[in-house]
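Fold and contact review
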Amino acid sequence: MNTATLLHLDASPRSARSHSRQLGREFVATWQTNHPTGQVVTRDLAATPPPFVGEGWIESAFTPSAGHSPAAQTAIAVSNAYVDELLSATEIVITTPIYNLSIPAVPKAWIDQIARFGRTFNKSAQGFDGLVTGKKVRILVASGSDFRPNTPGGAYNFLEPYLRAVLGFIGLTDVEFVYAHSLNQGSEVSAQAITDAVAASRKLAAA
Ligand SMILES: Cc1cc2nc3c(=O)[nH]c(=O)nc-3n(C[C@H](O)[C@H](O)[C@H](O)COP(=O)(O)O)c2cc1C
């Protein structure tokens, strides 16, 4: 049996003041209590943003390796490191703000690095096959407004449907969300939302 390994990704450019990072710290602390011999691999996507997909990356990802330019080899080596890290994890926690109705550019750059034909998904006559199966993904979200699904603001939430679709595409279908919402709606409302989101994050981490 593999050692339990939690891949912990943070995406907020804020550090101490970030509410999504706060949820991540609570999640990790509870997870470690429940997995005393487990390993946590942390990637601060905001501090070290993944590179954008460029021409060399595309050359490497879709053509045989013989004859790849040095730039293409370098680009795909970076992507391979992200993919290896994802495949080695037994569970994933992603913390992120909502920016302009969806995820910030930094976690999108990570998704562009790990969505790889032949490594994280394949295509057959029947359609697409996700290759990253059997891992839980927990997504801890902070937002200024209330964009939770099934609220009036939910119509503006393109983060959750997008992440469910793209993670499902690569095989990750056990995905749950926690929202620290309404953080710009006054101190009392936001304090309650954070308290609730911390409790929900701890509960998911203990499950
Ligand atoms: C550039 C930018 C865009 C934002 N867009 C939204 C948005 O579309 N919906 C929303 O509810 N809050 C939005 N917010 C508010 C953030 O989601 C909120 O401040 C959140 O707490 C940020 O996460 P953090 O505390 O982890 O840094 C935006 C904030 C910034 C800076």
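A brief structural summary. Position labels on residues start from 1 in each chain and follow its written sequence. Totals for whole chains, interfaces and linings use every residue, but because this is a predicted model, local features are given only for residues with pLDDT of at least 70 and side-chain atom pairs only at 80 or more, for both listing and counting. Each side-chain value is worked out from all heavy atoms of the structure, with water and hydrogens disregarded.

Observations regarding the sheet that holds strand β7 (residues 174-180)
Each pair of strands is called paired provided DSSP finds at least two bridges between the two strands. Numbering goes from the N terminus for both helices and strands, where a helix is a DSSP run of H or I of at least four residues and a strand is a run of E of at least two. Strand order in the open sheet formed by 5 strands is β2-β1-β3-β6-β7, and the pairing between neighbours is parallel. A strand with exactly one partner marks an edge of an open sheet, and here the two such strands are β2 (39-44) and β7. For this sheet, the mean angle separating the axes of adjacent strands, direction not counted, is 15°. Of the pairings in the sheet, the one linking strand β3 (residues 91-97) to strand β6 (residues 136-142) comprises 7 bridges and is parallel in character. For helices, the fitted axis covers only the stretch in contact; all axes are lines through C-alpha atoms, and the angles between them, taken along N-to-C directions, range from 0 to 180 degrees.

Overview of the side chain of serine 79
By secondary structure assignment, the location of serine 79 is in helix α3 (residues 70-88). A simple rule labels every residue: compare its accessible area, found with a 1.4 Å probe on the protein chains alone, to the largest value its type can have, and call it buried under 20%, exposed over 50%, or partly exposed in between. Classification of serine 79 by relative accessible area gives buried; the value is 0%. Should any heavy atoms of two residues lie within 4.5 Å, those residues are considered in contact. Beyond its immediate sequence surroundings of up to four residues, serine 79 is in contact with Trp57, Gln113 and Arg116.

Regarding the packing of helix α1 (residues 19-34) against helix α6 (residues 187-206)
Contact geometry of α1 with α6 gives a least axis separation of 8 Å together with a crossing angle of 30°. Crossing geometry of α1 relative to α6 is assigned as right-handed. Of α6, the residues touching α1 (which contributes His19, Gln22, Leu23, Glu26, Phe27, Thr30, Trp31 and Asn34) are Ile194, Ala197, Val198, Ser201, Arg202, Leu204, Ala205 and Ala206. Across the contact of α1 with α6, the residue classes tally to 9 nonpolar, 5 polar and 2 charged. Left-handed is the label given to a crossing in which the near helix is rotated counterclockwise from the far helix by less than a right angle, and right-handed is the label when the rotation is clockwise. Amino acids outside the nonpolar list (Ala, Val, Leu, Ile, Met, Phe, Trp, Tyr, Cys, Pro) and the charged list (Asp, Glu, Lys, Arg) are all regarded as polar, and Gly is one of them.

A word on unusual backbone geometry
What you tend to see is this: most non-glycine residues have negative phi, and most peptide bonds are trans. A positive phi angle is found at asparagine 100, which is not glycine, with a value near 50°. Relative to the helices and strands, asparagine 100 resides in the loop between β3 and α4 (105-114). You can call asparagine 100 exposed: its relative accessible area is 75%. Despite not being glycine, serine 182 has its phi angle at roughly 60°, a positive value. Topologically, serine 182 is positioned in the loop between β7 and α6.

A few points about the pairing of strand β5 (residues 127-130)
As judged from the 4 bridges shared by strand β4 (residues 121-124) and β5, these two strands associate in the antiparallel manner. Paired with asparagine 122 across the two strands is aspartate 129, which belongs to β5. Here β4 hands over to β5 after 2 residues, the two strands then running antiparallel side by side.

Comments concerning a nonpolar patch on the surface
Two distance rules govern patches: like charges are joined within 9 Å, and nonpolar side chains (Val, Leu, Ile, Met, Phe, Trp, Tyr) within 5 Å, applied only to residues with over 30% relative accessible area and no salt bridge. A 1.4 Å probe and the Shrake-Rupley method give the accessible areas. Residues count as covered only by the protein chains that appear here. Just to be clear on terms, a salt bridge is a Lys or Arg side-chain nitrogen sitting within 4 Å of an Asp or Glu carboxyl oxygen. A surface patch of nonpolar side chains, about 370 Å² in accessible area, is lined by Val53, Ile58, Phe62 and Phe117. With relative accessibility at 42%, the residue phenylalanine 117 sits in the partly exposed group.

Topic: the site of the ligand
Taken together, 16 residues lie around the ligand, and Ser12, Arg14, Ser18, Ser20 and Ile98 are the ones closest in. Under the rule applied, a polar contact is a pair of N or O atoms within 3.5 Å (in protein, one hydrogen donor and one hydrogen acceptor; residues adjacent in sequence only if both atoms are side-chain atoms). In the model, an oxygen atom of the ligand is placed 2.6 Å from a nitrogen or oxygen of the serine 18 side chain. Relative to its unbound accessible surface of 630 Å², the ligand loses 76% to contact with the protein. Looking at the shell around the ligand residue by residue, the class counts come to 7 nonpolar, 8 polar and 1 charged. If a single non-hydrogen atom of a residue is within 4 Å of a molecule or strand, that residue counts as near it.

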